[in-house]
2 protein chains.
Amino acid sequence: MTVKTRLYVDQPLAEGNQVSLTREQAHYLFGVMRMAVGGAVALFNGRDAEWRGEIVQAGKRGGVLECSMQMRDLQMPPDLWLCFAPIKKTRTDFIVEKATEMGAAKICPIQTDFTNSERIKQERLQAHAVEAAEQCGGTYVPEVANLQKLSAMLDHWPEERQIMFCDEVELGAATSLASARRGPWAILIGPEGGFSPTERIRLHNMKEAHVVSLGPRILRADTAAVAALTVWQAALGDWAS
Amino acid sequence: MTVKTRLYVDQPLAEGNQVSLTREQAHYLFGVMRMAVGGAVALFNGRDAEWRGEIVQAGKRGGVLECSMQMRDLQMPPDLWLCFAPIKKTRTDFIVEKATEMGAAKICPIQTDFTNSERIKQERLQAHAVEAAEQCGGTYVPEVANLQKLSAMLDHWPEERQIMFCDEVELGAATSLASARRGPWAILIGPEGGFSPTERIRLHNMKEAHVVSLGPRILRADTAAVAALTVWQAALGDWAS
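Each chain carries its own residue numbering, running from 1 in the written order of its sequence. The order in which chains are written sets their letters, starting at A; the order in which ligands are written sets their numbers, starting at 1. Local features in a predicted model are, by the rule used here, given only for residues with pLDDT of at least 70; side-chain atom pairs are given and counted only at 80 or more, and totals for whole chains, interfaces and linings are based on all residues.

## Quick look at the overall build of chain A
Runs of E in the DSSP output that reach at least two residues are strands. Runs of H or I that reach at least four are helices, and both are numbered from the N terminus. The helix and strand inventory of chain A stands at 6 helices and 12 strands. Its C-alpha atoms give chain A principal-axis dimensions of roughly 60 × 40 × 30 Å. To assign burial, the other C-beta atoms lying within 10 Å of each residue's own C-beta are counted, with C-beta atoms placed from the backbone; 20 or more indicates buried, 12 or fewer indicates exposed, and intermediate counts indicate partly exposed. Within chain A, buried positions represent 41% of all 241 residues.

Here it is, written out as structure tokens:
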């Protein structure tokens with residue numbers, strides 16, 4: 001039997017383990033999907049591979065699944081952060097969804113000098129990442145960090161983490177990632193107005209930063225996020241099979 | 001003075017030419033943007049570069065702009081078609097927007113064996129492409145074709161046009177575009193359920209088709225469109241400066 005429905009659960013998964021459902025998950029499985037005892041879903045928790053979970057209890061407010069067999073291995077993404085300046089709500093949601101699909105390990109909303117948005121709803125964005133992983137077949141859910149200031153983040157930047165700095169302005173200085181070294185990386189995408197001169201000078205002076213061009217057209221921040229993730233995955237990530 | 005507002009007009013642009021506004025454009029400029037006689041906008045028509053247009057008449061139902069000087073050259077995209085199977089409305093809109101930003105020359109909605117959508121609103125999608133070009137600073141608007149069957153399209157496929165075939169299933173057969181030849185190309189993105197076995201066999205047998213992998217994760221059709229455009233532009237398009 002093919003298992004189509006996938007659920008993220010923050011509980012240990014192993015043969016015979018029982019997993020309890022939240023009220024929302026129970027409503028989804030038994031109310032929306034009309035599943036019942038004996039039915040099966042795919043379970044993942046971002047740590048223990050993907051398991052086949054058989055429904056052993058089904059109620060209006062909860063339910064229990066039992067792990068019967070491992071279906072797929074855990075597929076960890078490369079150690080890549082996506083740092084971006086939050087924009088309009090729907091486009092921010094979209095970036096989180098796309099970063100999950102494209103295999104970012106961590107999603108970091110940043111406040112830049114030209115960022116309009118003063119705050120984000122971290123929990124909502126994290127739920128978006130879970131939903132995207134459920135839908136795209138991923139076994140890993142990237143962590144969505146709290147909003148932080150770019151300047152503060154750079155003050156404590158980990159030395160070993162390279163930065164793919166997508167600077168619209170400095171097309172001439174762009175480099176290729178082809179010869180860059182693998183390891184921990186972060187992609188940095190600016191807000192619609194770009195980075196401020198102060199931020200740009202600071203980034204250009206960081207030895208971890210590699211300026212990368214995303215072509216001759218101006219891209220919206222959400223397009224730039226997917227394009228940058230593609231360029232990075234193809235050059236240094238897990239696309240090169 | 002910086003000119004921030006950009007308008008697409010389907011009229012010839014040259015020094016001294018006068019351009020008349022539609023009712024919607026007049027409402028946007030004079031009602032929403034509060035502009036008046038003497039103000040300036042950027043005009044483009046996809047053929048004649050970008051011109052500075054000064055407002056010489058402003059009314060509720062129309063207005064007239066006069067081309068005063070050329071601001072930027074026409075930037076044509078490479079000869080690339082994006083062929084995709086339309087999905088849910090908002091995601092189809094999104095694909096058209098992204099294809100415009102990413103520099104596709106033509107956007108071809110296709111009906112595949114597994115496409116759910118039986119029809120599209122071509123005019124609405126074309127208007128989306130215009131809006132995306134206005135907003136992203138493009139001087140070219142890709143044509144959105146009418147929905148056509150993939151099988152019929154392949155029956156009359158132009159021999160010289162190479163196909164970047166994004167086949168989720170056949171990851172092992174994937175090739176790199178690095179050594180592929182430049183010239184006319186088309187990207188082919190399947191619907192959420194992928195291509196049918198018949199379609200896949202036919203495409204794999206076409207000498208124009210190059211199977212390209214978009215990584216180990218399953219991408220939604222809209223993500224796949226942006227990722228595929230990125231891979232193509234970086235390898236064969238106008239990203240390689």
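## A closer look at helix α2 (residues 89-101) of chain B
Multiplying 1.5 Å by the helix residue count minus one yields the expected span of that helix. Compared with the 18 Å implied by 1.5 Å per residue over 13 residues, the 19 Å span of α2 of chain B between its first and last C-alpha is a close match. Of all the positions in α2 of chain B, only Thr92, Phe94, Ile95, Val96, Glu97, Lys98, Ala99, Thr100 and Glu101 of chain B are classed as buried. Two residues qualify as being in contact provided that their C-beta atoms, derived from the backbone, are within 7 Å of each other. Looking at the packing, one finds that the buried side of α2 of chain B touches α6 (221-236) of chain A together with β6 (80-84), β7 (106-111), α3 (122-136), β8 (143-144) and α6 (221-236) of chain B. Gly103 of chain B occupies a position one or two residues after α2 of chain B and carries a positive phi of about 85°.

## What to know about the interface of chain B and chain A
The partner chain A presents 26 residues to the 26 residues of chain B that form the contact. Where the side of chain B that touches chain A is concerned, the elements lending two or more residues are α2 and α6 of chain B. Among the elements that make up the side of chain B that touches chain A, the one with the highest residue count is α6 of chain B (7 residues). Gly is put with the polar residues, along with every residue not named as nonpolar or charged; the nonpolar set is Ala, Val, Leu, Ile, Met, Phe, Trp, Tyr, Cys and Pro, and the charged set is Asp, Glu, Lys and Arg. When the residues that make up the side of chain B that touches chain A are grouped by side-chain class, the tally is 11 nonpolar, 10 polar and 5 charged.

## Observations regarding the packing of helix α2 (residues 89-102) of chain A against α6 of chain A
All names here are of chain A. It is the contact of α2 with α6, at a shortest axis distance of 9 Å, that shows an interaxial angle of 10°. The pairing of α2 with α6 is recorded here as roughly parallel in orientation. Between α2 and α6 lies a crossing of right-handed hand. Across from Arg91, Phe94, Ile95, Lys98, Ala99 and Met102 in α2, the residues of α6 making contact are Ala221, Asp222, Ala225, Val226, Leu229 and Gln233. Orientation is described by axes fitted as lines to C-alpha atoms, over the contacting stretch for helices, and by angles from 0 to 180 degrees between their N-to-C directions. With respect to orientation, any angle under 35 degrees is reported as roughly parallel, any angle over 145 as roughly antiparallel, any angle of 65 to 115 as roughly perpendicular, and every other angle as oblique. Handedness of a crossing is defined here by the sense of rotation of the near helix relative to the far one, left-handed for an anticlockwise turn of less than a right angle and right-handed for a clockwise turn.

## Quick look at the domain arrangement of chain A
Residues and elements named next belong to chain A. Domain start and stop positions are those given by an automatic or database domain assignment. Splitting chain A by domain gives domain 1 (6-72) and domain 2 (80-236). Placing a centre on the C-alpha atoms of domain 1 and another on those of domain 2 gives a separation of 33 Å. Across the contact, 8 residues belong to domain 1 and 6 residues belong to domain 2. A per-element tally of the side of domain 1 that touches domain 2 places strand β1 (residues 6-8) first, with 3 residues.

## Comments concerning the pairing of strand β7 (residues 106-111) of chain A
It is a general feature of regular strands that their side chains alternate between the two faces of the sheet. Residues and elements named next belong to chain A. For β7, the tally of buried residues reaches 5 of 6 residues, placing the bulk of the element in the interior. When DSSP finds two or more bridges between two strands, those strands count as paired. Bridge analysis of strand β6 (residues 80-84) against β7 gives 4 bridges, and the strand direction is parallel. Across the sheet, Trp81 pairs through a bridge with Lys106, a residue of β7. Seen with its strands pointing away from the viewer, a crossover is right-handed if its path from the first strand over the helix to the second goes clockwise. Considered for its hand, the β-α-β crossover made up of β6, α2 and β7 is right-handed. Relative to strand β8 (residues 143-144), β7 runs parallel, the two being bridged by 2 bridges. Residue pairing for β8: Ile107 is matched across the bridge by Val144. When β7 meets strand β9 (residues 148-149), the two strands line up parallel, connected through 2 bridges. Across the sheet, the residue bridging to Ile110 is Gln148, located in β9.

## Focus on the relation of the copies chain B and chain A
Copy-to-copy alignment: least squares on C-alpha atoms, limited to residues at pLDDT 70 or above in both. Overlay of chain B on chain A (RMSD 0.0 Å): rotation 180°, translation along the axis 0.0 Å. Taken together, the rotation and translation describe the operation of a two-fold axis.

## Some words on unusual backbone geometry
Residue and element names in this part refer to chain A. Its identity as a non-glycine residue notwithstanding, Arg34 has a phi of 60°, on the positive side. Accessibility expressed as a C-beta count within 10 Å gives 8 for Arg34, which makes it exposed. Of note, Ala49 is a non-glycine position whose phi angle comes to about 65°, a positive value. Topologically, Ala49 is positioned in the loop between β3 (40-44) and β4 (50-58).

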